[in-house]
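The primary structure of each chain is shown beneath.
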Amino acid sequence: MADDSPASHRRDPIKSSVGSVAAQRRRQNAVTVGKERRESLVRAKRLCRVGPSGDGVVPVEENDMITDEEEFLLEAQTSSAVEDLKSAVAYQGKGAMQKRVNALRELRRLLSKSEFPPVEAALKAGAIPLLVQCLSFGSPDEQLLEAAWCLTNIAAGKPEETKALLPALPLLIAHLGEKSSLPVAEQCAWALGNVAGEGEELRNVLLSQGALPPLARMMLPNKGSTVRTAAWALSNLIKGPDPKAATELIKVDAVLDAIIRHLRKADEELATEVAWVVVYLSALSNTATGILINSDVLPLLVERLATSNSLQLLIPVLRSLGNLVAGDSHTTSTVLVPGHEITDSVIKVLVKCLKSEHRVLKKEASWVLSNIAAGSVEHKQLIYSSEAVPLLLRLLSTAPFDIRKEVAYVLGNLCVAPTGEGKPNLIQEHLVSLVQRGCLSGFIDLVRSADIEAARLGLQFMELVLRGMPNGEGPKLVEQEDGIDAMERYQFHENEDLRNMANGLVDKYFGEDYGIDE
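Residues numbered from 1 in each chain as written. Predicted model: local features only at pLDDT ≥ 70, side-chain atom pairs only at ≥ 80, totals over all residues. Heavy atoms only, no water.

Colleague: Any chance you could break down the packing of helix 26 (residues 428-436) against helix 28 (residues 452-468) for me, citing the residues and the numbers?
Modeller: For the pair helix 26 and helix 28, the least separation of the axes is 11 Å and the interaxial angle reads 105°. Regarding the angle of helix 26 to helix 28, the classification is roughly perpendicular. Touching Gln-428, Leu-431 and Val-435 of helix 26 are Phe-461, Leu-464, Val-465 and Gly-468, all from helix 28. Its residues assigned to classes, the contact of helix 26 with helix 28 comprises five nonpolar, two polar and no charged. (Axes fitted to C-alpha atoms, helices over the stretch in contact; angles between N-to-C directions. Helix = DSSP H or I, 4+ residues; strand = E, 2+ residues; numbered from the N terminus. Parallel < 35°, antiparallel > 145°, perpendicular 65-115°, else oblique. Contact = heavy atoms within 4.5 Å. Nonpolar A, V, L, I, M, F, W, Y, C, P; charged D, E, K, R; others polar.)

Written as structure tokens, this is what we have:
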């Protein structure tokens with residue numbers, strides 16, 4: 001089978017090695033954003049404090065921290081609750097079902113009480129085999145729901161605690177089926193989403209046991225918390241790094257239609273979860289990317305970017321847009337035809353993101369623009385003549401380092417025309433204008449940084465200035481910005497590429513004859 005992971009491409013002109021790592025950037029972005037979700041806006045694993053139907057609300061204090069004494073008491077109560085569940089499961093007399101439900105509800109209440117539930121105590125007391133028993137077919141919905149809820153919160157724990165759910169996975173997957181009630185199916189999807197969020201090993205187990213098709217079917221209806229939970233669980237399940245799951249998902253009947261429908265009509269909460277699915281589809285699978293590009297997804301992403309102010313939604317929508325644009329140059333040219341309304345709309349929403357107060361939106365928008373700027377001369381002119389350039393110039397001198405590096409890619413790519421091998425051809429008009437507007441100092445600052453990639457980018461732009469400024473002005477401009485000093489720090493640098501590049505530029509443009517005419 002052919003490898004469906006993204007091929008090497010993008011952003012070739014300013015930096016040859018960028019051309020060989022852009023697809024890798026897409027995959028790395030997927031991993032990075034997974035960590036962001038886990039640590040900030042949307043955790044990869046979610047504790048269930050309120051059930052799918054809204055019942056069973058557990059009072060949540062504003063300060064979720066508990067004292068050592070409270071933690072000790074909670075663990076003791078949890079061990080006792082598991083013993084009570086053991087007795088209830090063994091009991092066969094009158095009212096046995098209600099006895100089991102009551103014991104499950106008490107254990108669930110204890111596992112939902114704190115932001116850091118007493119999972120270890122529950123596992124040590126032997127909760128998992130009992131909960132698996134309570135998931136058996138023919139059990140009443142109330143029992144299934146409580147058991148799945150307990151497993152959901154156990155799966156939200158540490159890695160080894162999540163792995164303890166392995167015996168429960170087949171039944172959790174089975175209860176995703178159409179014969180299950182929606183609350184039970186949703187709670188099982190939530191538990192499986194937590195398991196998938198733990199890592200590649202457990203994702204592979206879930207995929208091998210057939211979790212993907214029933215979760216995909218749960219995403220098909222028009223609305224509801226079940227659809228939202230299924231979309232979230234799917235985004236965890238397909239996040240790779242193997243593209244196989246993403247490719248399988250996009251081929252499930254009606255999934256593409258559902259994605260389009262949710263992006264068009266859903267509330268922001270559901271649209272956010274669906275956008276995360278699109279992030280991983282477009283980051284990991286060429287097949288999925290091709291299908292998405294040939295659908296209505298791109299204009300819908302642009303519309304959401306233009307109309308929403310929700311950071312939770314804008315981040316995955318912008319990342320999805322960036323992944324679709326970061327295809328090969330043919331794809332970019334097909335998707336973003338200069339003069340077409342969609343292309344102008346893309347530039348406008350990227351400008352909106354550059355103006356945002358949120359650094360992640362500025363960085364993402366710069367990344368997308370850098371890939372567009374690596375396209376045809378027409379694409380470069382489109383950005384060059386837009387409102388983006390003055391914003392980028394300001395960011396190059398004022399933004400945090402990671403944003404400045406992305407911005408530098410955009411500005412550098414605006415100054416070179418696509419070629420085959422060798423040094424790129426200059427677009428002198430763009431180079432002269434950007435240098436006159438003060439961008440050279442920003443690139444020289446990158447040369448001084450400890451970041452190898454940024455330093456190489458700065459040196460490459462300095463080479464363009466030295467070679468391309470009219471009337472031989474380049475060396476003087478570089479000297480005025482202390483560029484010689486910046487390059488000389490690489491005279492004995494351990495990185496051979498940077499050392500040769502910097503020394504070569506100094507020798508060529510600032511050798512013995514430099515300044516002799518003056």
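From this point on, the discussion continues.
Colleague: So what's going on with the packing of aromatic side chains? Which residues, and what values?
Modeller: Summed over the entire model, instances satisfying the criterion amount to one aromatic pair. Between Phe-443 and Phe-461 the ring centres are 3.8 Å apart and the planes differ by 10°, which places this aromatic pair in the stacked class. Here Phe-461 lies in helix 28 and Phe-443 lies in helix 27 (residues 440-447), a separation of 18 residues in the sequence. On the basis of relative accessible area, Phe-443 is assigned to the buried category, the value being 0%. Relative accessible area serves as the criterion here: at 0%, Phe-461 is assigned to the buried category. (Phe/Tyr/Trp six-rings, centres within 6.5 Å; stacked < 30°, edge-to-face > 60°. Buried < 20%, exposed > 50% of the residue type's maximum accessible area, 1.4 Å probe, protein only.)

Colleague: Outline the environment of Lys-508, supporting the account with residue identities and numerical values.
Modeller: For Lys-508, the location among the structural elements is in helix 31 (residues 496-509). By relative accessible area, which is 54% here, Lys-508 ends up exposed. In the structure, Lys-508 is positioned 42 residues away from Leu-466 in sequence and 9.6 Å away in space, judged by C-alpha atoms.

Colleague: Which residues make up unusual backbone geometry, and what values go with them?
Modeller: Residues Gly-240 and Pro-241 are joined by a peptide bond in cis, for which omega reads 15°. With respect to the secondary-structure elements, Pro-241 resides in the loop between helix 13 (225-237) and helix 14 (244-250). The phi torsion at Asn-471 lies on the positive side, around 60°, for a residue other than glycine. Taking relative accessible area as the criterion, Asn-471 reaches 73% and is therefore assigned exposed.

Colleague: Please give an account of the side chain of Ser-235 that cites residues and values.
Modeller: As for its position among the elements, Ser-235 is in helix 13. Overall, Ser-235 belongs to the buried group, its relative accessible area being 0%. Here Trp-232 takes part through its backbone oxygen, which lies 2.7 Å from a polar atom of the side chain of Ser-235. (Polar contact = N/O pair within 3.5 Å; in protein donor to acceptor, adjacent residues only side chain to side chain.)

Colleague: Describe in detail the packing of helix 6 (residues 127-134) against helix 7 (residues 141-155), supporting the description with residues and values.
Modeller: Two elements in contact, helix 6 and helix 7, have axes separated by 9 Å at closest approach and are oriented at 145°. In this structure, helix 6 crosses over helix 7, and the sense of that crossing is left-handed. In this structure, helix 6 contributes Ile-128, Leu-131 and Cys-134 to the contact, and helix 7 contributes Gln-143, Leu-144, Ala-147, Cys-150, Leu-151 and Ile-154. Across the contact of helix 6 with helix 7, the residue classes tally to eight nonpolar, one polar and no charged. (Left-handed = near helix turned anticlockwise from the far one by under 90°.)

Colleague: Account for helix 24 (residues 388-398), naming residues and giving values.
Modeller: The complete set of buried residues in helix 24 reads Ala-388, Val-389, Leu-391, Leu-392, Leu-393, Leu-395 and Leu-396. For helix 24, the elements touching its buried residues are helix 21 (341-354), helix 22 (359-373), helix 23 (377-384), helix 25 (401-414), helix 26 and helix 27.

Colleague: So what about the pattern of salt bridges? Which residues, and what values?
Modeller: Oppositely charged side chains may form a pair once their charged atoms are brought near each other. The tally for this structure, following the rule as stated, stands at 20 salt bridges. Across the pair Glu-142 and Arg-105 runs a salt bridge whose closest N-O atoms are separated by 2.4 Å. Here Arg-105 lies in helix 4 (residues 96-111) and Glu-142 lies in helix 7, a separation of 37 residues in the sequence. Between Lys-355 and Glu-387 there is a salt bridge; the shortest N-O distance is 2.5 Å. You can see Lys-355 sitting in the loop between helix 21 and helix 22 and its partner Glu-387 sitting in the loop between helix 23 and helix 24, a full 32 residues away along the chain. (Salt bridge = Lys/Arg side-chain N within 4 Å of Asp/Glu carboxyl O.)

Colleague: Got a sec to walk through the side chain of Ser-285? Specific residues and values, please.
Modeller: Relative to the helices and strands, Ser-285 is located in the loop between helix 16 (268-284) and helix 17 (286-293). The exposure class assigned to Ser-285 is buried, which follows from its relative accessible area of 0%. Polar side-chain contacts of Ser-285 include one of 2.8 Å to the side chain of Thr-247. Among the polar contacts made by the side chain of Ser-285, one reaches the main-chain amide nitrogen of Ala-288 at a distance of 3.0 Å.

Colleague: Pulling in residues and values, what's your account of the environment of Phe-116?
Modeller: Note on placement: Phe-116 falls in the loop between helix 4 and helix 5 (119-124). Residue classification places Phe-116 among the exposed positions, given a relative accessible area of 59%. Sequence separation between Phe-116 and Gly-157 is 41 residues; the distance between their C-alpha atoms is 7.8 Å.

Colleague: Provide a residue-level description of the nonpolar core, including the pertinent values.
Modeller: Residues Leu-131, Leu-172, Ile-259, Leu-281, Val-297, Leu-321 and Phe-461 are the most contacted members of the largest nonpolar core, which totals 170 residues. Top element by residues in this core is helix 16. It accounts for 12 residues. When sequence neighbours within four positions are dropped, the list of residues in contact with Val-297 reads Leu-256, Ile-259, Ile-260, Leu-263, Val-278, Leu-292 and Leu-324. (Core = buried A, V, L, I, M, F, W, Y, C linked by side-chain atoms within 4.5 Å.)

Colleague: Give me a negative patch on the surface: which residues, what numbers.
Modeller: Residues Asp-68, Glu-69, Glu-70, Glu-71 and Glu-75 make up a contiguous surface patch of negative charge. Residue classification places Glu-75 among the partly exposed residues on the basis of a relative accessible area of 32%. (Patch = residues over 30% accessible without salt bridge, like charges linked within 9 Å, V, L, I, M, F, W, Y side chains within 5 Å. Areas by Shrake-Rupley, 256 points an atom, 1.4 Å probe, with all protein chains shown as cover. Lys, Arg positive; Asp, Glu negative; His and termini not counted. Charge placed at Lys NZ, Arg CZ, Asp CG, Glu CD.)

Colleague: Requested: an account of the environment of Pro-183, with residues and values cited.
Modeller: Mapped onto the elements, Pro-183 comes out in helix 10 (residues 182-196). A relative accessible area of 30% places Pro-183 in the partly exposed class. The spatial distance from the C-alpha of Pro-183 to the C-alpha of Thr-226 is 7.6 Å, given a sequence separation of 43 residues.

Colleague: Account for the state of the cysteines, naming residues and giving values.
Modeller: A complete count under the given rule lists zero disulfides for this structure. Not part of a disulfide, Cys-415 finds its nearest cysteine sulfur in Cys-439, a span of 6.5 Å. Assessed through its relative accessible area of 0%, Cys-415 is described here as buried. (Disulfide = S-S within 2.5 Å.)

Colleague: Account for the confidence of the model for the protein chain, naming residues and giving values.
Modeller: Looking at the protein chain as a whole, its pLDDT mean stands at 88, while 86% of the residues score no less than 70. When mean pLDDT is taken per element in the protein chain, helix 9 (residues 169-174) scores highest with 98 and helix 1 (residues 16-19) scores lowest with 32. This stretch, residues 34-42, has a pLDDT under 50; its non-local contacts, to residues over four places away or in other chains, come to 24 contacts. (pLDDT = per-residue confidence, 0-100.)

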